[in-house]
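# Fold and geometry: a report
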Amino acid sequence: MSVARPTAANALDHVVVLMFENRSFDNLLGRLYQPGEVESFEGVLGKDLSNPIPGWAEDAGKGFVPYGLASTMDTPNPDPGEELPHVNTQLFNVLDDGNRGLVTPEKTFNVPSAGAQPTMDGFVADYISMLEAELGRAPKFTEYSQIMVGYSPEQMPVLSGLARGFATFDHWFCEVPSCTFTNRSFFHAGTASGYVVNTTPADSFPVHNTAETLFDRLDAAGLTWRIYCDPPSHYSLTGVIHAARLHPRFATNFFSTEQFYADAERGELPTYSFIEPQIIGFNHNDMHPPFSGLLSAVAKAGGITEPDQLNFDNPSSLIAGEDLLDRIYRAVRDSSSTTGSNFLNTTLLVTFDEHGGTYDHVPPPAAVPPDGSGPGQFGFNFDRSGVRIPTVAISAWIPERTVVTDEYRSTSLLSTMRERWDLGAPLTARDADARSFAGVSSLTVPRPQENWPDVVARPVPVLPPSAQSLDAQLGLLGMSLVQAVLGLGAGLGASVPSLDPRAPLTGTDALALAHDVLGDVFPAMRS
């Protein structure tokens, strides 16, 4: 639409969401402001933060691990636990007998006692337990203490520069104290159809997650949407997670980020854009901690004796992610079309799916269950929020150095879009309880483009040759996606081969397998 005389009411004419992976608020933005620098900010500076070392760990005599500053751009390495049993340990310091040293507890789930409040003092215990599985031995203090570190603004100049230049939410929580698929499902549907972990069973999300989505509401209202995935992604997590609803739109609404840059420049962004980084495993720029070690542990458990084959992590997914964020931000800032989308009527929301096991000191609040169906997977009632995650809102109508201290959550996106476009009743009781963030755009006069921050991403480290092609091994998230695609194929009646989820798989093999099962699933992502 033409914006001849824009007002703050136009700020949400076009919404762009860029969702990264697996970082807590403390991990990336906890040092954003010094104490007293702004009126209110719930960070880590000026606080005496630590976690106790369990008595069974090496160097238990040290007593505790204090919170500190990351010394590399690749921390924590290897990957912490992120599924519900691990997050239970992290938040409540409950580790059931028999679960120590297990990547995936299958019998008991470290469930806190009824009415218990999160103490946020089990991150060290859970990471030591995970490292025992990943390293095959008891970890040393220098290895497990890295779970208690975060990054400075100097280390994360793009994310921190945008957070200071616009608005950061210091009480924005993900929806489920668990991993990727369930949280990404809540983001667009306000529910995960009772599922808590990614692909147990493989067809859980792509076939049985039939919940109505924001995309359905936009279609019904005659509004437009697109999902853009950063190359060399060939498949969309959002598409697979909501395949039961979205598979008829795979060929028409899923594109490469190259198309996003073109759409932004021409003023042709849809009402809603959702951007996925490269997250299928190798060469990932999703800010996810390195997970080659975790995949190696799973492979060893399955009898694979050459774990070096599974080393595909790039030098720093944080630096690579900042580069992507810089490109997306510049595309929005520089969009100057006199009709359609432009910098005056587009809001960019930068957020994360979940905390991924990285430390945060703020206890997550209770949450409203999305429906009355009772306990879901692992007996979880969906009555607890996930951990705080970094979330930044960028718009010409937002004052710089804005800190939003009220409680927000991932379903605030649903609440905001329903309010802006009159999309009907809440999808579930969860998004009915979520605040809209429309009020963050509070200026009466918009900020011109030249007054937006000029952030500069650092050069992305050169990747090893093994990580620059589809011949690299997939990571856990990529393997989860392959399993989900196979589950989708089975649900659609296709012939699906048997695949050992613990066996190594290259990107080339995965694409060939997926194409055999489903054909060219997302053809526009090649362009």
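Because the structure is a prediction, the values reported are computed rather than measured. (Residues numbered from 1 in each chain as written. Predicted model: local features only at pLDDT ≥ 70, side-chain atom pairs only at ≥ 80, totals over all residues. Heavy atoms only, no water.)

### Observations regarding the nonpolar core
Counting 112 residues, the largest nonpolar core has Phe-260 and Tyr-272 as its most contacted members. By residue number, the principal contributor to this core is helix H14 (residues 317-333), which donates eight residues. Sequence-distant contacts of Phe-260, that is, excluding residues within four places in its chain, are made with Val-16, Tyr-228, Leu-269, Ser-273, Ile-275, Ile-328, Ala-331 and Val-332. Tyr-67, Val-124, Phe-141 and Val-387 belong to the second-largest nonpolar core, a separate cluster that totals 21 residues. (Core = buried A, V, L, I, M, F, W, Y, C linked by side-chain atoms within 4.5 Å. Buried < 20%, exposed > 50% of the residue type's maximum accessible area, 1.4 Å probe, protein only. Helix = DSSP H or I, 4+ residues; strand = E, 2+ residues; numbered from the N terminus. Contact = heavy atoms within 4.5 Å.)

### Re unusual backbone geometry
Following Thr-75, the chain continues to Pro-76 via a peptide bond in cis, the omega torsion being -5°. Here Pro-231 and Pro-232 are connected by a cis peptide whose omega angle stands at 5°. Tracing the chain through its elements places Pro-232 in the loop between strand E8 (225-229) and helix H9 (237-241). A positive phi angle, close to 55°, is found at Asn-110, a residue other than glycine. Structurally, Asn-110 is set in the loop between helix H2 (84-92) and helix H3 (123-135). Taking the relative accessible area as the measure of exposure, Asn-110 reaches 2% and is therefore buried. Its identity is not glycine, yet Phe-382 carries a phi of approximately 55°, on the positive side. Tracing the backbone shows Phe-382 in the loop between strand E11 (346-352) and strand E12 (392-394). A relative accessible area of 5% means that Phe-382 is categorised as buried.

### What to know about the pairing of E11
Counting buried positions along E11 gives seven out of seven residues, so the element sits mostly inside the fold. Of the two faces of E11, the one carrying Thr-346, Leu-348, Val-350 and Phe-352 and the one carrying Thr-347, Leu-349 and Thr-351 are both buried. In terms of strand pairing, E11 meets E12 through three bridges, oriented antiparallel. Directly across from Val-350, in E12, lies its bridge partner Val-392. (Pairing = 2+ DSSP bridges.)

### Some thoughts on the layout of surface pockets
Taken as a whole, the second largest pocket spans an internal volume of roughly 240 Å³. For the second largest pocket, the lining is made up of 15 residues, of which Val-111, Pro-112, Phe-380, Asp-383 and Arg-384 are closest to its centre. Split by residue class, the lining of the second largest pocket holds eight nonpolar, five polar and two charged. (1 Å grid on protein atoms, 1.4 Å probe; cavity = no way out; pocket = protein on both sides within 12 Å on 5 of 7 lines; lining within 4 Å. Points joined across faces, edges and corners; volume = space filled by probe spheres on them. Nonpolar A, V, L, I, M, F, W, Y, C, P; charged D, E, K, R; others polar.)

### A short note on the confidence of the model for the chain
The share of residues in the chain with pLDDT of 70 or more is 91%, and the mean pLDDT across the chain is 90. This stretch, residues 302-311, has a pLDDT under 50; its non-local contacts, to residues over four places away or in other chains, come to 16 contacts. (pLDDT = per-residue confidence, 0-100.)

### Notes on H14
Taking 1.5 Å as the rise per residue, H14 with 17 residues should run 24 Å; its terminal C-alpha atoms sit 24 Å apart, in good agreement. Summarising burial for H14: 14 of the 17 residues are buried, a large majority. (Expected span 1.5 Å × (residues − 1).)

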